[in-house]
Amino acid sequence: MELESIPIREVLRYLGAGGKDPGPLLPLAEDCARELLAAAKPRWTWRAFGCALDSEGARLDCGFLLPGRDIAGHLAGCREVVLMAATLSPGVDALLRRSQLSDLSRGLVLESCATAAIEEVCDRGEAIIRQRYPGRALTSRYSPGYGDLPVTVQGAFLDLLDAPRRLGLCATGSSILTPRKSVTAVIGVREEGAEDPGPHRRSCDSCAMKDHCPYRKQGGRCGAAT
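Okay, so let's go over this structure. No experiment lies behind these values; they were computed from the predicted model shown.

Some details on the overall build of the protein chain
Thinking step 1. Secondary structure summary: the protein chain contains 8 helices and 8 strands in total.
Thinking step 2. Buried residues in the protein chain amount to 46% of all 226 residues.
Thinking step 3. A fraction of 74% describes how many contacts in the protein chain between residues 6 or more apart in sequence connect residues 24 or more apart.
Thinking step 4. Of the roughly 11,000 Å² of accessible surface on the protein chain, 49% is carried by carbon and sulfur atoms.

Here's the deal with the pairing of strand β4 (residues 78-87)
Thinking step 1. For β4, the buried fraction is high: 8 of the 10 residues fall into the buried class.
Thinking step 2. The pairing of strand β1 (residues 43-54) with β4 spans 8 bridges and is antiparallel. Its bridge partner lying in β4, Arg 43 is registered against Thr 87.
Thinking step 3. When β4 meets strand β8 (residues 182-190), the two strands line up antiparallel, connected through 9 bridges. Its bridge partner lying in β8, Cys 78 is registered against Arg 190.

Rules used in this analysis
- Residues numbered from 1 in each chain as written.
- Predicted model: local features only at pLDDT ≥ 70, side-chain atom pairs only at ≥ 80, totals over all residues.
- Heavy atoms only, no water.
- Helix = DSSP H or I, 4+ residues; strand = E, 2+ residues; numbered from the N terminus.
- Buried < 20%, exposed > 50% of the residue type's maximum accessible area, 1.4 Å probe, protein only.
- Contact = heavy atoms within 4.5 Å.
- Areas by Shrake-Rupley, 256 points an atom, 1.4 Å probe, with all protein chains shown as cover.
- Pairing = 2+ DSSP bridges.

Shown next as structure tokens:
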């Protein structure tokens, strides 16, 4: 997937300048966006599975369990789910590490550019997926580590997508994605005419993992929070 630009408005929002006059922050954000785009080599993949809900969560037809009441509620009315994964590449991680050592202020802006970039990649991937299901209702993205869906599913999640080989995307022993600027997510495909349980509010403040989230400890997000 080619990424020609990064939405600067989103970068400014992550920096706390959304809806304000960014002043000298704007040219810095634009310069950092160009630098990050030069380092990024975004890749993504997805795969669809049949799905049935049970007392433990959402079970895919391959036997893989997405455990938790929250993910089961999110997928209510869905008999099919899509697993997707996306990454910006190790080059972005290297750029962020260098910037944190040489210029913390620039590093913060580059971090926000990277967050906006991976969200843009996921949005484009999701748009492609939605085109494959005309006339069907798809849920929003829901990532491991959000709510009571544990991050410990990351390794098996990536294996189902063959992501280590196809994307170079792996999970550490503590279930942190590497490269770090990566996202995994579940999208439910609701049967035509099935009742929509309504939007699922996604935010760090409403997440059951907010006090001990491994992503927040590293200054990031799981990819589900908005």
